[in-house]
Amino acid sequence: MAGLAAALGSGAMTNAVSEIGEAACIFVIGSNTTAAHPIIGRQIVRAVKQGAKLIAADPRRTVLRRMADVWIRHKPGTDVALLNAMARVIIKKKLFDTSFVKERCDGFEALEAAVKDGDLAEAEQITGVPAQKIVEAARMYATFSPATILYAMGITQHSHGTDNVMAVANLALLTGNIGKPSSGVNPLRGQNNVQGACDMGALPNVLPGYQKVEDQKIRKKFEKAWNCQLNPSPGLVLTELFESVHAGKVKALYIMGENPIVSEANTSFVEEAVSRLELLVVQDLFLTETAQMADVVLPAASFAEKDGTFTNTERRVQRVRKAIEPVGNSRPDWVIIRDLAKNMGAKGFDFNSPEEIMEEIRGLTPSYGGITYGRISKVGLQWPCPDLDHPGTPYLFAEKFSTPSGRGQFAPISYTPPAEVVSHEYPFILTTRRSYFHFHSTLSRKVDGMNVLRSEERVEINPVDAAPLEIENGDAVKVTSKRGAVQAKAKITQTTPPGVVSMTFHYPETRTNLLTHGALDPVAKIPEFKVCAVKVEREIDFGTQYLGWGTGKIG
């Protein structure tokens, strides 16, 4: 799987958004696309109207389910069992692309051996999906070409999220649905410039362009350009960082554009850790819940108040142009960082514009080498774009994969259950989601119109589960896990399956992530936001909504 890992590890789509509308088959898993990515959702609608087949795998009854040819309602946390079963069907019924597998892939025999031991009856028992529906989905994906896979945090935010992604990529390699238009494996980014931030090295193990910090040759290139000495050891991922803060190993923290007091799993622990810092600096648009705990707050300018570039989910680098002057004392992020560095005596920060910074970026980052402000003045370019004559790359792996051999590598994997399962005391699975009306953490809560549409948290619960608990629509309920409790109003709906409750994380007054746990994927180190065990009780006194067990400052 190493051939796909370089792209998927960067979170990048292998194909362009516009290609989705021309696909013959679309397999969506772990993504409520029409709600969380409505522009991409329109491409799915366009494809379906043109006759494309749609497979939607989601425990919740989403809009995509209504237009899907096959809706797979699997139990949360059972993605690998489902995907391995589909791979088994494709191999057993000889639906795989033999030429592609032979000419461009390695490790087929190992994958075949890994999936043949499990049968469809076992997959049905684990996932809750009828065996015949698994067969139908596998046949459809394998026979309608080109086929594309779209996924989001519904499969990555698990203690085995990396396995989920590898299992998805196995299907693409098996069927030859990679390296051509309207195919591929396409992770959908959750925010507008997350891709650009990662491209620029906002990860602990790489420098800009995913160039490994452990590579001495790479380090020397950057050390020469920056006239400094770089640490050869990777840093800490976000989840490890807060553990180190809590343990007193990290004394100061500089947070930009992040609100971990609301957005991180097990936020009681995160809040307590942050309270132990000797110095907390927060650079953000608003005085967020995290910024309220800061020693220093640096007001940042919004997208409309600065020039620069955003890189979107399809790897497209696009210009951003200032529409208004920064409000109040806010300044663009790059200006704040430049001036702070200069005041600290650092060299090499003599930039006068974002365009000057982009020139340094393309000089040090091969995938951005051909991207200039002049070339993207009207339409952005998709990386890799190595030189000024290169047109950009709409889809990856057309001729070879990014491995030493240039061949794709299958990844045999086995199903492992979620880190936390239901029990007599905590009989429900809580899975988190986003609202159509709000953006990520609490940013859109500043907009009155958005609050009119959805002003408070609602706990989705199936009527089958609500009845014995004597919970009616709109009742106050308390949701409790091993880590804490929150209160909200119930929404009785068949959107969420029996045995599962669903909540968003947009409301600081109902901090859903007090409930989620910190079990991590061993590779990506991402918490298991999508599966935790809870109990639900009808609440009489709806006075205090924050019932976390932590000792932090936010009440």
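Because the structure is predicted, anything quoted here is derived from the model rather than measured. (Residues numbered from 1 in each chain as written. Predicted model: local features only at pLDDT ≥ 70, side-chain atom pairs only at ≥ 80, totals over all residues. Heavy atoms only, no water.)

Student: Hey, could you go over the side chain of T495 for me, with residue numbers and the actual values?
Tutor: Structurally, T495 can be placed in the loop between β19 (485-492) and β20 (500-503). Not counting residues within four places of it along the chain, the set of residues in contact with T495 comprises P59, R60, R61, R73 and E460. (Helix = DSSP H or I, 4+ residues; strand = E, 2+ residues; numbered from the N terminus. Contact = heavy atoms within 4.5 Å.)

Student: Describe the nonpolar core, naming the residues involved and giving the relevant values.
Tutor: Core analysis: the biggest nonpolar cluster contains 53 residues, and F27, I29, I55, I90, Y141, L171 and L174 have the highest contact counts within it. Here this core takes 9 residues from helix α6 (residues 79-92), the largest share from any one element. Residues contacting I90, with those up to four places away along its chain left out, are L95, F96, A138, Y141, A142, L171, L174 and T175. (Core = buried A, V, L, I, M, F, W, Y, C linked by side-chain atoms within 4.5 Å. Buried < 20%, exposed > 50% of the residue type's maximum accessible area, 1.4 Å probe, protein only.)

Student: Let's hear about the sheet that holds strand β12 (residues 308-311): which residues, and what values?
Tutor: Here we have 3 strands laid out as an open sheet, ordered β12-β13-β14, and antiparallel in their pairing. Each edge of the sheet is formed by a strand with only one pairing partner; in this case those strands are β12 and β14 (381-382). The pairing of strand β13 (residues 316-320) with β14 spans 2 bridges and is classified as antiparallel. Of the residues in β14, the one forming a bridge with V317 is L381. (Pairing = 2+ DSSP bridges.)

Student: Explain the sheet that holds strand β17 (residues 458-461) residue by residue, including any values.
Tutor: If you walk around this closed barrel you meet the 6 strands as β16-β20-β17-β19-β18-β21, and the pairing is mixed. Ignoring which end each strand starts from, the neighbouring axes of this sheet average 45° apart. Both β17 and β20 contribute to a ladder of 2 bridges, which runs antiparallel. For E460, the partnering residue across the bridge sits in β20 and is S502. (Axes fitted to C-alpha atoms, helices over the stretch in contact; angles between N-to-C directions.)

Student: Please give an account of the domain arrangement of the protein chain that cites residues and values.
Tutor: Partitioning the protein chain into domains gives domain 1 (2-188), domain 2 (194-382) and domain 3 (428-548). Each partner contributes to the interface: domain 1 provides 17 residues, whereas domain 3 provides 22 residues. Here domain 1 and domain 3 share an interface that buries about 1,700 Å² over both sides, 56% of which is from carbon and sulfur atoms. At the boundary of domain 1 with domain 3, the tally comes to 1 salt bridge. Where domain 1 packs against domain 3, one counts 10 residue pairs in polar contact (both at pLDDT 80 or more). If you list the elements that add at least two residues to the side of domain 1 that touches domain 3, you get α3 (33-36), α11 (153-156) and α12 (161-175). In terms of residue count, the dominant contributor to the side of domain 1 that touches domain 3 is α11 (3 residues). For the side of domain 1 that touches domain 3, the per-class residue count stands at 4 nonpolar, 10 polar and 3 charged. (Domains from an automatic or database assignment. Buried area = accessible area lost by both parts, 1.4 Å probe. Salt bridge = Lys/Arg side-chain N within 4 Å of Asp/Glu carboxyl O. Polar contact = N/O pair within 3.5 Å; in protein donor to acceptor, adjacent residues only side chain to side chain. Nonpolar A, V, L, I, M, F, W, Y, C, P; charged D, E, K, R; others polar.)

Student: Describe the environment of P76, and please don't skip the residues or the numbers.
Tutor: Assignment of secondary structure puts P76 in the loop between β3 (70-72) and α6. The buried category is assigned to P76, whose relative accessible area is 11%. The spatial distance from the C-alpha of P76 to the C-alpha of T127 is 8.2 Å, given a sequence separation of 51 residues. Those residues within four positions of P76 in sequence are excluded, and the remaining contacts are P59, P418, I429, V500, K530 and V531.

Student: Please set out helix α8 (residues 108-116) residue by residue, giving values where relevant.
Tutor: Residues of α8 that are buried: F108, L111 and V115. Buried residues in α8, looked at end-on, bunch into an arc of 60°, giving them a common side. Projecting away from the buried face of α8 at angles above 90 degrees are the exposed residues E109 and K116. Where the residues of α8 are buried, they touch α6, α7 (98-104), β4 (105-106) and α12. (Arc of directions from axis to C-beta.)

Student: Explain the confidence of the model for the protein chain to me, using residue names and the numbers behind them.
Tutor: When pLDDT is averaged across the protein chain, the result is 91; 92% of the residues are at 70 or more. Scored below 50 in pLDDT, residues 544-555 shows 37 contacts in the model against residues more than four places distant or in partner chains. (pLDDT = per-residue confidence, 0-100.)

Student: Report on the pattern of salt bridges, specifying residues and quantitative values.
Tutor: If you walk through the whole model with that rule in mind, you get 15 salt bridges. For K525, the salt bridge goes to E240, with nearest N and O atoms at 3.9 Å. Within this pair, whereas K525 is found in the loop between β20 and β21 (532-538), its partner E240 is found in helix α15 (residues 238-246), the two being separated by 285 residues in sequence. Classification of E240 as partly exposed rests on a relative accessible area of 23%. Notably, a salt bridge pairs D333 with K306, separated by 3.0 Å at the nearest N-O pair. Of this pair, D333 sits in helix α18 (residues 333-343) while K306 sits in the loop between β11 (296-299) and β12, placing them 27 residues apart in sequence. Through salt bridges with shared partners, a single ionic network connects R331, R338 and D339.

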